[in-house]
Amino acid sequence: MDKIKHLKCSKCGKTYGEEQMYHCPICGTKGTLEVVFDLTFAKKELTKEYLVSHQNPNIWRYFPLLPLKDIKEEIPIQIGHSPLYKASRLESLLNIDNIYIKDEGRNPTASLKDRASAIGVHKALELDKEIICAASTGNAASSLSGFAACMGLKNYIFVPHTIPEGKLAQLLVFGSQVILVDGDYDQAFDFCIEAVNHFGWYNRSCAINPYLVDGKKTVAFEIIEQLNFKVPDKVIMSVGDGCSISGAWKGFKEFYELGLIDQLPVMVSVQAEGSNPVNRAYRNKNREFDYITPKTIADSISVGIPRNGYKALNTLNESKGRAIDVSDDDILQAMTVLARHTGVFGEPAGVTCFAGLLKLVKEGAIRKDETVALIVSGSGLKDVKSATMAVSRPKKIKPELEGLISYLDEVKE
Ligand SMILES: *Cc1c(COP(=O)(O)O)cnc(C)c1O
Ligand SMILES: [Zn+2]
């Protein structure tokens, strides 16, 4: 049984066998590879009947569509199966019939990246690699770090020195070797590749490792299952390198090819104004990405060169997608509006997608009867410093009732 047909370059379309470890040799690191599955096996195994009757609540239920040969020892922490909430108070606020929130902060290390790291760690074990590494703005790092700790793999993590404290704390507590790069994410990424070439470690960086996007696609499978095989009209996601949105799109397409759904969603890419290379290229119908020094509070999507830009562009082109830019102020405001109407607290990059929805609503670009799914990609507790910028700190008062009465009077809304 060979599930994988070939690896296909996302830039030039050439195909390769699995001996090609990372990217297309012709296009270089820009030519990230996509895993093309032979769906015959999945067609037999992953039927609607199977999915409905097997409730194993994690990503391994999709094994026929995961790029792993066999799993000797399954990672013993729960990955995926995050809740999908119907956000009724938001629906009233925005006058939209169906808004769903996929809360990816509920993954073991509190972001969507866990879906990818699960594949990365198992692939390293399959290939007998003892050392795994990654470059990351923070979440891919903390995720790999936790899973490597769980499976006893040594790991080196390249992060920009500006990484939020919560994410750094995760890395250090999990016991990773942290390479705190005096530079931004783009520099950390290139530096990590240089180190891989020198030391021969296994590279989990999502934007160079072909298999990881197939972990991220499970978020789409779950949305479909949780909506009882109905397809949202729009799926709104925060975009940095472009792995997450292209992962979700791949998931929807594979379920479509398996006949499990009969239509596909429109994919909406939301980026920060100060870090929007994918959206710029899509709007300008460019096939190249021009570098502008990224500047945004949303560190997880602060990216100068999108490392999976072609997959993201293909996603937007194929799904007739939308590209929305939002300001940092929009992001901070979105954080509180989302939290106060749903109880879901996302980090800046986690709620950037919601800032995009607010903008679409303002532009009148969403019909009332549409079904919208938002993927809140990371927990707000990862970056408390940014979160406190969205709110004002209460002043200190003495524990005396009189003081409380006058204080409550002061802050009365
Ligand atoms: C990584 C990340 C994203 C964006 O994913 P890309 O694959 O880089 O586009 C969005 N939100 C959070 C919280 C992330 O960690
Ligand atoms: Zn190529």
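Quick note: structure is the one above.
Residues numbered from 1 in each chain as written. Chains lettered and ligands numbered in written order. Predicted model: local features only at pLDDT ≥ 70, side-chain atom pairs only at ≥ 80, totals over all residues. Heavy atoms only, no water.

Undergrad: Go over the nonpolar core with me, naming the residues and quoting the values.
TA: Residues W60, L65, F158, F255, L258 and M267 are the most contacted members of the largest nonpolar core, which totals 96 residues. In terms of residues, this core owes the most to one element, helix α7 (residues 185–199), which gives seven residues. Excluding its chain neighbours within four sequence positions, the residues that come into contact with F158 are A134, A135, S136, I179, V181, A188, F191, C192, A195 and W201. Within the second largest apolar cluster, 34 residues are counted, among which are I101, I331, A349 and L357. (Core = buried A, V, L, I, M, F, W, Y, C linked by side-chain atoms within 4.5 Å. Buried < 20%, exposed > 50% of the residue type's maximum accessible area, 1.4 Å probe, protein only. Helix = DSSP H or I, 4+ residues; strand = E, 2+ residues; numbered from the N terminus. Contact = heavy atoms within 4.5 Å.)

Undergrad: I'd like to hear about the packing of aromatic side chains, residue by residue, with values.
TA: What the rule picks out here adds up to ten aromatic pairs. Aromatic pair Y62 and F255: ring centres 6.4 Å apart, planes at 70 degrees, arrangement edge-to-face. Taken together, the residues span a long stretch of sequence, with Y62 in the loop between α2 (48–53) and β4 (84–86) and F255 in helix α10 (residues 243–257) at a distance of 193 residues. As far as burial versus exposure is concerned, Y62 and F255 are alike and both buried. (Phe/Tyr/Trp six-rings, centres within 6.5 Å; stacked < 30°, edge-to-face > 60°.)

Undergrad: So what about the site of ligand 1? Which residues, and what values?
TA: Of all residues adjacent to ligand 1, which total 16 residues, the nearest are K113, N139, G240, G242 and S377. Here an oxygen atom of ligand 1 sits 2.8 Å away from a polar atom, N or O, in the main chain of D241. With respect to ligand 1, the backbone of G242 contributes an N or O atom lying 2.8 Å from an oxygen atom. Contact with the protein chains hides 97% of the accessible area of ligand 1, taken as 380 Å² for the molecule alone. In a pocket analysis with a 2 Å cut-off to the grid points, ligand 1 is assigned to the largest cavity. (Near = heavy atom within 4 Å. Polar contact = N/O pair within 3.5 Å; in protein donor to acceptor, adjacent residues only side chain to side chain. Areas by Shrake-Rupley, 256 points an atom, 1.4 Å probe, with all protein chains shown as cover. 1 Å grid on protein atoms, 1.4 Å probe; cavity = no way out; pocket = protein on both sides within 12 Å on 5 of 7 lines; lining within 4 Å. Sits in = over half its atoms within 2 Å of the grid points.)

Undergrad: Run through the side chain of K234, naming residues and quoting values.
TA: Take K234: it is sitting in strand β10 (residues 234–238). You can call K234 buried: its relative accessible area is 10%. Once you skip the residues sitting within four places of it in the chain, K234 turns out to touch V266, V268, A365, I366, E370, T371, V372 and A373.

Undergrad: So what about the coordination of the zinc ion (ligand 2)? Which residues, and what values?
TA: Four donors placed tetrahedrally about a metal ideally form angles of 109.5 degrees, and six donors placed octahedrally ideally form angles of 90 or 180 degrees. The zinc ion (ligand 2) binds to the protein through C9 (SG), C12 (SG), C24 (SG) and C27 (SG), with metal-donor distances spanning 2.3 to 2.4 Å. Taken together, the four donor atoms coordinating the zinc ion (ligand 2) and their angles of 106 to 114 degrees define a geometry best described as tetrahedral. Look at where the donors of the zinc ion (ligand 2) fall in the sequence and you get C-x2-C-x11-C-x2-C. Separated by 15 residues along the polypeptide, C12 in the loop between β1 (4–9) and β2 (15–16) and C27 in the loop between β2 and β3 (33–37) bring together distant segments of the chain. Overall, the relative accessible area of 40% leaves C12 in the partly exposed class. (Donors = N, O, S within 2.8 Å, 3.2 Å for Na, K, Ca; no water. Tetrahedral: all angles 85-135°; square planar, octahedral: opposite > 155°, others 65-115°.)

Undergrad: A description of the sheet that holds strand β6 (residues 131–135) should follow, citing residues and the corresponding values.
TA: Sheet architecture is open: four strands sit in the order β8-β7-β6-β9, paired in parallel fashion. Looking at the sheet topology across the chains shown, the edges are occupied by β8 (177–181) and β9 (202–203). Note that strand β7 (residues 154–160) and β8 share five bridges and pair parallel. What sits directly across from Y156, in β8, is Q177. Along the sheet, helix α6 (residues 165–174) contacts β7 and β8; its crossing angle with β8, the most-contacted strand, is approximately 145 degrees. (Pairing = 2+ DSSP bridges. Axes fitted to C-alpha atoms, helices over the stretch in contact; angles between N-to-C directions.)

Undergrad: Outline the pairing of strand β11 (residues 266–272), supporting the account with residue identities and numerical values.
TA: Most of β11 is tucked away, with six of its seven residues classed as buried. Following the backbone out of β10, through α10 and into the adjacent parallel β11, one traces a crossover that is right-handed. Pairing analysis gives five bridges linking β11 to strand β12 (residues 322–326), with the strands arranged parallel. Among the inter-strand pairings, S269 is bridged to a residue of β12, identified as A323. (Right-handed = clockwise from strand over helix to strand, strands pointing away.)

Undergrad: Run through the sheet that holds strand β13 (residues 371–376), naming residues and quoting values.
TA: With respect to topology, six strands assemble into an open sheet ordered β4-β5-β13-β10-β11-β12, the strand pairing being mixed. This sheet does not close on itself; its edge strands, each paired only once, are β4 and β12. Strand after strand, the sheet turns through a mean of 25 degrees between neighbouring axes, direction not considered. Sheet topology note: the β4/strand β5 (residues 98–103) ladder contains three bridges and is antiparallel.

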